[in-house]
Every structure is written in C-alpha cells, then in structure tokens.
Amino acid sequence: MTWTFRRRALAVLPEPAPRRLRLSRMRRIASTAAATALLLGLTTPAYACGGLVGPNGAVNLLRTTTFAGYADGVEHYVTSFEFAGGGGEFGSIIPLPGVPTSVVRGGDWTLQRLAKETEPVRRLADAGSEVAFAAAAPAEVILEVTIDALDITVLKGGGDEVGVWAADNGFRLPPDAPEVLDFYAERSPIFLAARFDAEAARKRGQQVGDGTPIHVAIPTDDPWVPLRILGLGKQASEPVEADVYLLTERRPSLLPAPRATMPLVHDARASDLLLDDLRSDKGMEWVPRTAWLSKLAISGPAGELTHDLAIDETGLGKSSPVAAGLARVSAAGPPPAEERVPLWLVGAVAALLIACGVVVGPLARRLPTDAR
Amino acid sequence: MRARPTALAVASALLLAACGDGGSPTRVELTMHYSAFSPRTLTVPRGVPVTLVLRNDDPIAHEWIVGDDSVHERHRTGTEPVHGERPTELTVPGLAERTTVVTFERPGDYRFVCHLPGHESYGMTGVLRVV
C-alpha cells in the first residue's frame, strides 16, 4: 500500500476585491481542492507538509509546502494537515530549531494566500497521487496538545530517544530515520510528532480536503527550515518537491544558495496587500509592516537533499553552516554572535512543512491528552 | 614486564578457541547501525557451531535473515511480523542485542538481509561466506 500526498491545490483568484469577499474566495479554494482530490480518487490521509511514510514504509510524497516566519527572535511555522479520506492513524515527525512556546491552530488562509501571491496560476491538485544493551533514556515530552483530529507532542531527546519514543507510540520509521534523526538531534534535539486520526476526523465531520493548520512559534537566534526531512523514507533517486516561502524584513541570504534543484522563483518586496492579508489571519499579528517575500521551489532527487535551509535576513551572507546542516556542531562550534541571524527576519517561510511525516501504520495507543 | 607475555598467551589461547579448523572464527559479531550491516562480509567455518552476536545500534528494529535466494524471496513477501524461531532468521529490536548459534554445513556464499519494508532496497544486505 502506498500513501499519497498531494500538495496544496492552488487556484486562480480574481484581482483584489473587498477583503471579506477575498477571504471568502480563499475558503472556496480549499473546497475546490477538496473536490479535485476526490475526483482524483485520493482515499488516504494527506498532509500539507512533511515526509510521509506509510505502514509498509512506502512513500509517495509529491510536494510539500511550509510557511515559516521569523520576527523579533521568534520563528513561526505554519503548516497544514489535510484530510483526504480513508481511515486509520498516521503520524509525522518534524524537527524544530528550538523549543516552541506555543503550538496552536493556525489561520485558515495563510498558505493559500502566499501561494496566490507567487503563483497565481490555476493548478490541479497533484495525486499520486533481546536483550536491550543500551536502553535509551526516554525522550522528554515537553508539550502535548490536541488540535482537531491531530495529537501533537513536542519531544526533546537525541535520535535514539526520539526513535524509541516513536516506536513505542506506534510510529513505523523508515530505514533512513536513525541517521536523519541524529542529523537533526545533534543541532537541535527538539521534534514535533503529530498523529492524525482519520477516523476521528471523520467523526468530527471533517470533509475530504479540510485542512488543520498548525502554527508553531519557536524562539531562536538561528532560524532554519528543515529540508532534509522531506526525503525521509525515499530512495536516493526519488524526487522531492517542495515549496518554501520566506518572509523577511530585508532580502535574505540563504544557505545553501539557490541553485538548479532549489531555484529562487520569487524574490521581491512583499506587497502591502499581501502583508495585510497575512496579518489578518488567525495568530498572524506578528507579520511586520514591511517585508521581503522569497519562494524556493525545491525539485530534485532525495539523495541530493542532505541539508536544510539557513536564513540570514540581513542579506550579508552570514547564514550559519551549522543551521543549514552543512557543518557539524562539533566541527564548527557555536556560531559567533555576529553570525547569528538578526532580530528581524520577518520570515514567513511558507514552505510546505509537510515534510515531516514519518507516518505510520496503525498507531498503538493514543496520547494521554486526547481531548476529542 | 612479566605480565605482557602472559597476556599475549591468554589472548592467543582465546583466539585459537574462537577459530574453527580453517582458522575462521566461530564467534562473530555483526553491528547494525544507520540501517547497514557492519561488517558486510562475514567468513565462518563449515561444520562447526558458529555463535553470531547481532547488535542493533539503531532505535528501530532490524532483521538478520541468512539463506539462499529462495529464502529471501519468501521473506520479501512474507507476513511474519517477528522472527526468532529459526537460528538463521532473527528480529533484533531497537538498541538491543541477540545471539544465535548456527552450524553451516555447506560451503558457499549466502546473503543476509533485513527484510523489513524498505530496508533491503536501502542497502541493508551482506554476505556470509562459509568455508
């Protein structure tokens, strides 16, 4: 069995109209996307972010999108998990650059609005698609929250600890997971595990295509966007497709620099209209008055995506190689203060944070905070 | 200074005890880390019991299944969730170690593979050479 993921569907929107009307249309986009997905016969849960792994380890992640923003020393991630029918439970693990201060339901139109800004062309939704010798200390659970049909747990621990926690909680990790978890844990031992219960979603009345946006606020001096996790569970030759949106105060420097498999497809000052729209969404008050919008369209083999994306909003090319996953923490040492990303990266990285999905088969047990 | 010859003698005795007639060890250790076997080639003697210590350094489970092509073909489509009944087919939980004793009667090269989903294609294979 192969789980499929479809990227957020985009659609043509008419030119500026009164805000209420515009927002109403954005909501209709989601409905259109849902209908499209249904027509394409998607019957499995889909996520708007992350590396997705099915119960048998098969992965068919077509494209992901993540929104990350950085303002006043806080990185904001917005991602969305979409219900695409089917049953069972699935999960996703997302590495984070620091301990989040909040994990809440995100706004309803942020991702769509960013997509419209940079790609106002109608697209169809993609479809596709014993003897324990060294018992790892348990991963520390530092936050639990239930949002709609999503049970979210923020963990602190090394790769082994998080891997054991995942296994104990029914996540079936793919063979590359141990190395990938260590890759992230060395830099930041913070992970967000999300499990999506399709049956619970159905009982809640969620329709195919309904998304559950998640907004994670993470104070950090070195903002980065996890990219390598997008290839989790994929063969080296399999493609990774992802859209990453960045909103910074100034034109940022990126590390690694954009290239053929990671082109910068949008690079312009954000319009007042866009910023107003973003700011009016739930929990998006942090969006600054002026900002620079960048979009990276990642498209290349998973085997080449061995790094993340570090952002220096000063534009001076001082992004941290460690934050980008290009240098080991031990080898590089802590980045000097002047190398750290300044205060103002109004980063609205709208990248499909879909990336994290380490999903899994039937989950063994439920989180204690299940408050459905 | 007298301790050094003594230590060497003990080490030599242990080494001889761990080898079969052909000089191949009768106790071998195999590590699983980042979903790869190390070493990837093992050489053991035929006709004598060989102790294999399988150490899994990963937080996820792995399998060690050794045999001819028919064995691996069967496991590629098998449904047994856990192995442990046969000494040549073992599941090793995450961060755990298992030991098995096998007498290989016929010389030849036999592949050992982790048949958990995706692991073989990820490269989790090796060769056991019986001499």
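Analysis parameters
Residues numbered from 1 in each chain as written. Chains lettered and ligands numbered in written order. Predicted model: local features only at pLDDT ≥ 70, side-chain atom pairs only at ≥ 80, totals over all residues. Helix = DSSP H or I, 4+ residues; strand = E, 2+ residues; numbered from the N terminus. Buried ≥ 20, exposed ≤ 12 C-beta atoms within 10 Å, placed from the backbone. Contact = placed C-beta atoms within 7 Å. Pairing = 2+ DSSP bridges. Core = buried A, V, L, I, M, F, W, Y, C linked by C-beta atoms within 7 Å. Axes fitted to C-alpha atoms, helices over the stretch in contact; angles between N-to-C directions. Parallel < 35°, antiparallel > 145°, perpendicular 65-115°, else oblique. Left-handed = near helix turned anticlockwise from the far one by under 90°. Nonpolar A, V, L, I, M, F, W, Y, C, P; charged D, E, K, R; others polar. pLDDT = per-residue confidence, 0-100.

1. Some points on the overall build of chain B
Each helix and strand in chain B was counted, giving two helices and nine strands. When its helices and strands are written in sequence order, chain B yields α-β-β-β-β-β-α-β-β-β-β. A buried classification covers 33% of the 131 residues belonging to chain B. In chain B, of all internal contacts separated by at least 6 residues, the share reaching a separation of at least 24 is 66%.

2. Some thoughts on the pairing of strand β10 (residues 211–219) of chain A
All names here are of chain A. Burial analysis of β10 places seven of its nine residues in the buried class, which makes it a mostly covered element. In terms of strand pairing, strand β6 (residues 102–105) meets β10 through four bridges, oriented antiparallel. Each bridged residue has a counterpart across the sheet, and for S102 the counterpart in β10 is A217.

3. Examining the sheet that holds strand β16 (residues 309–312) of chain A
Spatially, the three strands line up as an open sheet ordered β11-β16-β13 (chain A), and their pairing is antiparallel. The outermost strands of the open sheet, each flanked by one partner alone, are β11 (224–225) and β13 (253–255) of chain A.

4. Some thoughts on the nonpolar core
Within the largest apolar cluster, 106 residues are counted, with the highest numbers of intra-cluster contacts made by A:V162, A:A166, A:F191, A:L192, A:V244, A:L309 and B:W64. With near-sequence residues (within four places) excluded, A:V162 lies in contact with A:A139, A:L155, A:G157, A:L181, A:A185 and A:F191.

5. Considerations on the environment of A:P252
Tracing the sequence through the fold places A:P252 in the loop between β12 (239–248) and β13. Taking the C-alpha atoms as reference points, A:P252 and A:A177, separated by 75 residues in sequence, lie 31 Å from one another.

6. So, the packing of helix α3 (residues 159–168) of chain A against helix α4 (residues 177–185) of chain A
Residues and elements named next belong to chain A. One can describe the packing of α3 onto α4 by two numbers: an axis separation of 8 Å at closest approach and a directional angle of 130°. On the basis of their axis angle, the class for α3 and α4 is oblique. Crossing geometry of α3 relative to α4 is assigned as right-handed. Counting all contacts with α3, which are made through G159, V162 and G163, the residues of α4 involved are A177, P178, L181, D182 and A185.

7. A look at the pairing of strand β5 (residues 62–67) of chain B
All names here are of chain B. With respect to burial, β5 is a largely interior element, five of its six residues being buried. In this sheet, strand β8 (residues 108–113) lies alongside β5 in antiparallel orientation, the contact comprising three bridges. Residue pairing in the sheet places V66 in a bridge with F112 of β8.

8. Description of unusual backbone geometry
Trans peptide bonds make up the majority, and among non-glycine residues the majority have a negative phi. That bond from A:L255 to A:P256 is cis: its omega, -5°, falls within 30 degrees of zero. Residue B:P39 follows B:S38 across a cis peptide bond; omega there is 0°. Its place among the elements puts B:P39 in the loop between β2 (36–38) and β3 (41–44). Although it is not a glycine, B:S35 sits at a positive phi angle of roughly 55°.

9. What to know about the sheet that holds β5(B)
Residue and element names in this part refer to chain B. Reading across from one edge, β3-β9-β8-β5-β6 is the order of the five strands in this open sheet, with mixed pairing throughout. The two strands at the open ends of the sheet, each matched to only one other strand, are β3 and β6 (89–92). Averaged over all pairs of adjacent strands, the angle between their axes in this sheet comes to 20°, without regard to strand direction. Across six bridges, β8 lies against strand β9 (residues 125–130) in antiparallel orientation.

10. Notes on α4(A)
Of all nine residues in α4(A), seven are buried, a share of seventy percent or more. Inspection of α4(A) places A:A177, A:P178, A:V180, A:L181, A:F183, A:Y184 and A:A185 among the buried residues, and these make up the whole buried set.

11. A word on the packing of helix α2 (residues 110–118) of chain A against helix α6 (residues 272–279) of chain A
All names here are of chain A. At a closest axis distance of 9 Å, the pairing of α2 and α6 adopts a crossing angle of 170°. The angle between the axes of α2 and α6 places the two elements in the roughly antiparallel class. Of the residues in α6, those touching α2 at T110, R113 and E117 are L274, D277 and L278. Considering only residue class, the contact of α2 with α6 consists of two nonpolar, one polar and three charged.

12. Some details on the environment of B:T91
All names here are of chain B. Following the sequence through the fold, T91 ends up in strand β6. Given 22 C-beta atoms within a 10 Å radius, T91 is considered buried. In sequence terms T91 and M32 are 59 residues apart; their C-alpha atoms lie 12 Å from each other.

13. Comments concerning the confidence of the model for chain A
All names here are of chain A. Across chain A, the average pLDDT comes to 69, with 63% of residues at 70 or higher. For chain A, per-element mean pLDDT is lowest for strand β1 (residues 46–47), which scores 31, and highest for α4, which scores 95. Of the regions scoring below 50 in pLDDT, residues 1–62 engages in 188 contacts with residues more than four places distant in sequence or in other chains. Predicted confidence is poor over residues 332–372, with pLDDT under 50, and the contacts of this stretch with residues over four places away or in other chains come to 180 contacts.

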